[in-house]
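Chains, contacts and geometry: an overview
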Amino acid sequence: MTSGAFLWDHMAEAPVILVPCQTQPRLPSPDALPPDIRARFADEQRYVERIRGSSIYPAVQNVILACRALGLGTTITTNHIRCEDEVKAVLEVPDDVATFALMPIGYPLDPFGPVTRRPVAEVTHADRWAEPWPA
Ligand SMILES: Cc1cc2nc3c(=O)[nH]c(=O)nc-3n(C[C@H](O)[C@H](O)[C@H](O)COP(=O)(O)O)c2cc1C
């Protein structure tokens, strides 16, 4: 929370703010589809909604890794989506395009430190949910 609040206050100081965007997928009108596909249309809509972002966030992660390799600092933020309409208006992003992240990029004030991670066995299951990962 402390670093998040600091970032919020200093976002405008980042020399680059990258806003990854994606044109929203458009499904055809159900009327134009054969009956058997039309019958599954609601399921398909739910599917498309459920996986939204699944192709752009791996690209975001690649940007994070590339920055790190170049000695640049960045991080994924999504808070701006709470006021996305205003952000899109400022950036003149078309209606059918959505923003998925807002990534400040710049040289870090402090050197990168070692990151802490929970042990793999704490966050991974083997074969099925109830099965703990062998330590
Ligand atoms: C999907 C996702 C969205 C995030 N959105 C925000 C955000 O809007 N604002 C923010 O400060 N941190 C956000 N974070 C956390 C930051 O990426 C980062 O972890 C946080 O700023 C703390 O920085 P630190 O881990 O280097 O200390 C988000 C993380 C994820 C995975």
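The following paragraphs examine the structure supplied in this document. These numbers were taken from a predicted model, which means no experiment stands behind them. Each chain has its residues counted from 1, running along the sequence as written. In keeping with the predicted nature of the model, local features appear solely for residues at pLDDT of at least 70, side-chain atom pairs appear and are counted solely at 80 or more, and the whole-chain, interface and lining totals rest on all residues. Think of the side-chain values as coming from all heavy atoms in the structure, minus any hydrogens and water.

**Focus on helix 4 (residues 56-69)**
With 14 residues, helix 4 extends 20 Å between its outermost C-alpha atoms, agreeing within 8% with the 20 Å of an ideal straight helix rising 1.5 Å per residue. When accessible area is computed with a 1.4 Å probe and restricted to protein chains, residues below 20% of their type maximum are described as buried, those above 50% as exposed, and intermediate ones as partly exposed. Strands are runs of DSSP state E lasting at least two residues, helices are runs of H or I lasting at least four, and both sets are numbered from the N terminus onward. Those residues of helix 4 that sit buried are Ile56, Val60 and Cys67. For helix 4, the angular spread of the buried residues around the axis is 50°, confining them to a single face. Seen from the open side of helix 4, the exposed residues pointing more than 90 degrees away from its buried face are Asn62 and Ala69. Residues are treated as being in contact if the distance between any of their heavy atoms lies within 4.5 Å. Elements in contact with the buried residues of helix 4: strand 2 (21-23), strand 3 (73-74) and strand 5 (103-106). Residue Gly71 follows helix 4 closely and has a positive phi angle near 80°. Expected span of a helix, by definition, is 1.5 Å for each gap between consecutive residues, and there is one gap fewer than residues. Of all possible arcs, the one meant is that of the directions from the helix axis to the C-beta atoms.

**Some words on the site of the ligand**
The rule for a residue being near a molecule or strand is that one of its heavy atoms must lie within 4 Å of it. Lining the immediate environment of the ligand, one finds Ser3, Gly4, Leu7, Thr75, Ile76, Thr77, Thr78 and Asn79. In protein, a polar contact requires one atom able to donate a hydrogen and another able to accept it; more generally it is a pair of N or O atoms within 3.5 Å, and residues adjacent in sequence count only if both atoms are side-chain atoms. In this structure, Ile76 approaches the ligand through a main-chain N or O atom, which is 2.8 Å from an oxygen atom. Here Thr78 contributes a backbone N or O atom positioned 3.0 Å from an oxygen atom of the ligand. Areas reported as accessible are Shrake-Rupley estimates using a 1.4 Å probe. Residue values count occlusion only from the protein chains shown. In the complex, the protein chains occlude 46% of the 600 Å² of accessible area that the ligand would expose alone. Each residue is assigned to one of three groups, with Ala, Val, Leu, Ile, Met, Phe, Trp, Tyr, Cys and Pro labelled nonpolar, Asp, Glu, Lys and Arg labelled charged, and all others, Gly among them, labelled polar. Counted by class, the shell around the ligand contains two nonpolar, six polar and no charged residues.

**Here's the deal with the sheet that holds strand 3**
If DSSP finds at least two bridges between two strands, the strands pair. Read across the open sheet, the three strands follow the order 1-5-3; overall the sheet is antiparallel. Strand pairing shows two members of the sheet lacking a second neighbour, strand 1 (16-18) and strand 3, which therefore form its edges. Across two bridges, the pairing between strand 3 and strand 5 is antiparallel. Residue pairing in the sheet places Thr74 in a bridge with Ile105 of strand 5. Helix 4 contacts strand 1, strand 3 and strand 5 of the sheet and is inclined by roughly 15° relative to strand 5. Axis lines are fitted to C-alpha atoms, over the contacting stretch for helices. Their N-to-C directions set the angle, which ranges from 0 to 180 degrees.

**A few points about the side chain of Lys88**
With respect to the helices and strands, Lys88 occurs in helix 5 (residues 84-91). A positive count includes Lys and Arg, and a negative count includes Asp and Glu. His and the chain ends are not counted in either. For salt bridges, the criterion is a side-chain nitrogen of Lys or Arg within 4 Å of an Asp or Glu carboxyl oxygen. Lacking a salt bridge, the buried Lys88 has Glu84 as its closest oppositely charged neighbour, with an N-O distance of 5.1 Å. For Lys88, the residues in contact, after removing those within four places along its chain, are Val93, Pro94, Asp95, Val97 and Thr99.

**Some details on unusual backbone geometry**
With phi around 55°, Glu92 is a residue other than glycine that occupies positive phi space. Tracing the backbone shows Glu92 in the loop between helix 5 and strand 4 (97-99). Backbone geometry places Asp127, a non-glycine residue, at a positive phi of 70°. Considering the arrangement of structural elements, one finds Asp127 in the segment after helix 6 (120-123).

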